[in-house]
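Working through the structure, step by step
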Amino acid sequence: MSRPSPETETSPPDAPSHAPSAEGDACAVEPVPSERREGHSSGERGERLTLPIKGMSCASCAKSVEGALAGVDGVAEARVNFATERARVGLQKGRQVPVGKLAQAVADSGYEVRTAETALTVQGMTCASCVSRVEDALGAVEGVLEVTVNLATDRATVRYVPGATERTDLTQAIRDAGYEGGGTEEGGDRADVENQAREDEQRSMRRRFLWALAFALPVFVLEMGFMHIPAMEAWITDQVSTQTLYYVLFALTSVVQFGPGRYFYKHGWPALKSGAPDMNTLVMMGTSAAYGYSVVATFLPTVLPEGTVHVYYEAAATIITLILAGNYMEALAKGRASDAIRSLLDLQATTARIIRDGEAVEVDVRDVGPGDVVRVRPGEKVPVDGEVVDGSSYVDESMVTGEPDPVSKGEGDEVVGGTINKTGSFTFRATRVGEETVLSQIVEMVEQAQGSAPPIQSLADRVVRVFVPFVLATAALTFGVWMVWGPDPVLTYALVSAVSVLIIACPCAMGIATPISVMVGTGRAAELGVYVREGDALQALHAADLVALDKTGTLTKGRPEVTDVRPRDGFGETDVLRWAAAVEAQSEHPIGAALAARAEERGLALPDATDFEAIPGHGVRATVEERDVAVGAARLMERHDVAIPAGAEETADRLADAAKTPLYVAVDGTLAAVVAVADPIKESTPAALDALHTLGIEVAMVTGDDERTARAIADQLGIDRVQAEVLPDEKAAAVDDFQAGGRTVAFVGDGINDAPALAQADVGIAIGTGTDVAIESGDIVLMAGDLRGVPNAVHLSRSTLRNIKQNLFWAFAYNVLLIPVAAGVLYPAFGLLLSPALAALAMVFSDLFVVGNALRLRRLNVPLGGEQAVATA
């Protein structure tokens, strides 16, 4: 049964609105809301839609699909990435375009939108009207192309576009129609769909190649042996006549031309008909010319001029076989290039153990909802994001942060879906599920980066747009020149040269040069916990010559710690720390928390504090063990008439010069101690800054600290420039000041309160801390809470851009040099003429060179990746 029309009403609008009864009432359910019946469109979810495209074999194929999608009414823009095989469609504001309409436009251009099929159980159906209602509900979901519902098996089979809809949308549509649905019985999982689609395509390409090879090999041996090996020519002539040999070659080549070679007609003819010829068009025309000429020479030799009766079956069959071989190897290489996405998707758990009525019940992870309590045992993956409510363990979070050391988790700590529980068992309450999990956000971010195009891509795009028409014109000109000025037999020379031009001038290498490098480079970055959101950021970062850093939470840990307790004569360190911590424990200030934490580390029991008083800007005081204890700045001591001896002032000055904040502790009006608190530098910060300097990048610090403290930290870390006493809302202006000197500035901040500065910078790098991804704040997100990712990101950016330039140079140079050779410019001087088969081999080599060069980025070492940095790209 095909999908019913969304407009078809299957029951009267005044149908009763209660659920189907056990007695078998005739589908007494609430009707499907009219807005669902009218069909979902991508506009209902936003202004952008991503479609997986099948069948593209070159960059000009992508341009054909782009043109077809852009021509759909309601589409504002379309962008197709050949490397990732995805189309990103932007809709006009307020417009709704059904996915089926977009899929049809792609089909009309000679390609396909990749679809998947899944089966859902539907409970509560009792009659044919129920079937129609469920079909209507599922058919109205965005991305659904076909629905079949079987009443006997209570099963709905849905064909849909992966990414345009999710399993939860389908089950929700069933529930909205008044039934219970779920329990995917086959397919449905995004990782499985993506992997299966790629594997199917690779198998199909392999099958076409082997089929072509089986028939082309005897053609090549017979024809080349007959033409170039005298002994073999004599043997063949003794066995069969030349005409019989032609018949055999015709039969074998016809199988290749219209069997495996039908692939090029299927994609090349619609592209030519739509006025956007692509690589498939070139292959189709080139092989058809060689095959067609050979057929005429075989069956109608008298219509050809004397001396031109030759066959080129070998050229047609070999060209198709070589290009299919190249497409197959390119598909395998692109599969390896997309390993980053696949490995991220593979991290997702498939099941979860939910606590229900005190018992652990195993369910599909997609059925976990917010608030569910989930149990995780040693060695298991954490299924979704949540907060630990009971138990403790160590969890491997390397997939999120890139950090190999397991992290301790206890009650109140957050855990991330996809991470691995190492030792203990714990339960947690689910807080983010489905597309809201950190892992899903990371996958979306990596996909977005891999599908984006840096500015350098525009050059290749402009060339590809006009390249195939240029090649067709060049082939026609080549044919004409040889016909007018070529030696006898002129028709033969003209045909061979024109076909060689068509075959050798493949735009694949030019079109894939940038996206394949971006794809592999961003994938390698993701393995290191560096997530790039856009290709623009990847290109801009390689030119960065100044990195500006926020201090608190970026250079430092972001939480103060007690570094020094210097008691005065007559007071012991333990007593001073107990009394000060007892007072500060009543305060909500971070310094108070630091003192309390230091006492806890020492195992000190804190006495009770009474008569607590907080004096803003000064400090705190309270009564502890019948003593009046005050903790605060010098002005608090002055307020309470506490004298500060010269020695104590000197101690405080030395601590301040060391980038620490000095505090005074007074007991019963007498100075008892000088205490220092500091926001400690992260252990990884010095190495990160050294690596940036090694890369030739100037480092600046932007902080709200006073000039004295800021300079002390800068001197300690070797920071080149300091902007101190900067309020949070002034950080963007500080970045603008850096840029005023013509510098390309990357700003590094925590991704939340530094958002204006991140936006102002040429590249904004947000420091994430596991669950606090802050994806929208920066162009690049570092999941680990340290700076080592910054030099790594710069190195990756530079290597990726260098790789792109290498690819583009090769792709352009290949065509610039070899098209004239294929046209025959070397023939008058050297007698050299490129055969169509060699042209096909050169074209395949060009594509594989570009892909292979990009794949080197997968092995790229980075400055702080635990290995010696090696320039491998």
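Residues numbered from 1 in each chain as written. Predicted model: local features only at pLDDT ≥ 70, side-chain atom pairs only at ≥ 80, totals over all residues. Heavy atoms only, no water.

- Identification of the protein chain as P-type Cu(+) transporter from Salinibacter ruber is taken from an unreviewed UniProt entry.
- A UniProt comment under Subcellular location (unreviewed entry) is attached to the protein chain, and it reads "Cell membrane".
- Regarding the protein chain, the UniProt comment filed under Sequence similarities (unreviewed entry) reads as follows: "Belongs to the cation transport ATPase (P-type) (TC 3.A.3) family. Type IB subfamily." (UniProt positions renumbered as here; feature names shortened; annotations may be inferred.)

**Remarks on the overall build of the protein chain**
- Helix and strand content of the protein chain: 30 helices and 30 strands.
- Within the protein chain, buried positions represent 53% of all 873 residues.
- Considering only contacts in the protein chain between residues 6 or more positions apart, those separated by 24 or more positions represent 70%. (Helix = DSSP H or I, 4+ residues; strand = E, 2+ residues; numbered from the N terminus. Buried < 20%, exposed > 50% of the residue type's maximum accessible area, 1.4 Å probe, protein only. Contact = heavy atoms within 4.5 Å.)

**Here we look at the environment of Ala766**
- Position of Ala766 among the secondary structure elements: in strand 29 (residues 763-767).
- We classify Ala766 as buried; its relative accessible area is 0%.
- When the C-alpha positions of Ala766 and Val781 are compared, they lie 4.8 Å apart, and in sequence the two are 15 residues distant.

**What to know about the pairing of strand 1 (residues 48-54)**
- Bridge count between strand 1 and strand 3 (residues 86-91): five bridges; the pairing is antiparallel. Across the sheet, the residue bridging to Leu51 is Ala87, located in strand 3. (Pairing = 2+ DSSP bridges.)

**Some thoughts on the UniProt feature "transmembrane region" (unreviewed entry) in the protein chain**
- The UniProt record marks residues 209-232, 244-261, 282-304, 310-329, 466-485, 491-514, 808-827 and 833-855 with the feature "transmembrane region" (unreviewed entry), using the residue numbering of this structure.
- Between the first and last C-alpha atoms of residues 466-485 the distance is 28 Å; the span itself is 100% helix and 0% strand.
- Taken end to end, residues 808-827 has its terminal C-alpha atoms 28 Å apart, with 85% of it in helix and 0% in strand.

**With respect to the environment of Glu146**
- Along the chain, Glu146 falls in strand 6 (residues 144-150).
- Taking relative accessible area as the criterion, Glu146 reaches 30% and is therefore assigned partly exposed.
- Each C-alpha atom of the pair Glu146 and Val158 lies 5.9 Å from the other, and the pair is 12 residues apart in sequence.

**As for the sheet that holds strand 13 (residues 393-396)**
- Taken in spatial order, the three strands of this open sheet run 14-13-16, and their pairing is antiparallel. In this open sheet, the two edge strands, each paired with only one partner strand, are strand 14 (407-409) and strand 16 (420-421).
- Pairing of strand 13 with strand 14 involves three bridges; the strand directions are antiparallel. Each bridged residue has a counterpart across the sheet, and for Ser393 the counterpart in strand 14 is Lys409.

**Some thoughts on a negative patch on the surface**
- The grouping of Glu387, Asp390, Glu411, Asp413 and Glu414 at the surface amounts to a negative patch.
- Tracing the chain through its elements places Glu411 in the loop between strand 14 and strand 15 (414-415). (Patch = residues over 30% accessible without salt bridge, like charges linked within 9 Å, V, L, I, M, F, W, Y side chains within 5 Å. Areas by Shrake-Rupley, 256 points an atom, 1.4 Å probe, with all protein chains shown as cover. Salt bridge = Lys/Arg side-chain N within 4 Å of Asp/Glu carboxyl O. Lys, Arg positive; Asp, Glu negative; His and termini not counted. Charge placed at Lys NZ, Arg CZ, Asp CG, Glu CD.)

**Overview of unusual backbone geometry**
- In this structure, Pro489 follows Asp488 across a cis peptide bond, with omega equal to -10 degrees.
- Tracing the chain through its elements places Pro489 in the loop between helix 15 (457-485) and helix 16 (490-504).
- You will see that Asp641, though not glycine, has its phi angle at about 55 degrees, which is positive.
- Relative to the assigned elements, Asp641 resides in the loop between helix 22 (634-639) and helix 23 (646-657).

**With respect to the sheet that holds strand 26 (residues 698-702)**
- Read across the open sheet, the seven strands follow the order 18-30-29-28-19-26-27; overall the sheet is mixed. Only two strands of the sheet have a single partner each, and these edge strands are strand 18 (530-532) and strand 27 (721-723). Taking each pair of neighbouring strands and ignoring which way they run, the sheet shows an average axis angle of 20 degrees.
- As paired elements, strand 18 and strand 30 (residues 780-782) share three bridges and run antiparallel to each other. Bridging across to strand 30, Tyr531 finds its partner in Val781.
- Its contacts with the sheet place helix 18 (residues 535-542) against strand 18, strand 28 (745-749), strand 29 and strand 30, and it is angled at close to 105 degrees to strand 29. (Axes fitted to C-alpha atoms, helices over the stretch in contact; angles between N-to-C directions.)

**Focus: the packing of aromatic side chains**
- Throughout the structure, instances matching the rule amount to 18 aromatic pairs.
- With a centroid separation of 5.9 Å and 50 degrees between ring planes, the pair formed by Tyr293 and Tyr312 is classed as tilted. Here Tyr312 lies in the loop between helix 10 (279-299) and helix 11 (313-337) and Tyr293 lies in helix 10, a separation of 19 residues in the sequence.
- Classification of Tyr293 as buried rests on a relative accessible area of 9%.
- The buried category is assigned to Tyr312, whose relative accessible area is 14%.
- Measuring from centroid to centroid gives 6.3 Å for Phe426 and Phe428, while their planes differ by 45 degrees, and the two rings are tilted. Each member of the pair, Phe426 as well as Phe428, is classed as buried. (Phe/Tyr/Trp six-rings, centres within 6.5 Å; stacked < 30°, edge-to-face > 60°.)

**Focus on the nonpolar core**
- With 140 residues, the main nonpolar core has Leu51 and Leu69 as its most contacted residues.
- Looking at which element gives the most residues to this core, the answer is helix 28 (residues 789-823), with 12 residues.
- Setting aside its immediate chain neighbours within four residues, Leu51 contacts Leu69, Glu85, Arg86, Ala87, Val89, Val99, Leu102, Val113 and Val161.
- Core analysis: the second largest hydrophobic core is formed by 27 residues, Val583, Val624, Val665 and Val677 among them. (Core = buried A, V, L, I, M, F, W, Y, C linked by side-chain atoms within 4.5 Å.)

**Quick word on helix 8 (residues 242-258)**
- Compared with the 24 Å implied by 1.5 Å per residue over 17 residues, the 24 Å span of helix 8 between its first and last C-alpha is a close match.
- Turning to helix 8, its buried residues number three or more, namely Leu245, Tyr246, Leu249, Leu252, Thr253, Ser254, Val256 and Gln257. (Expected span 1.5 Å × (residues − 1).)

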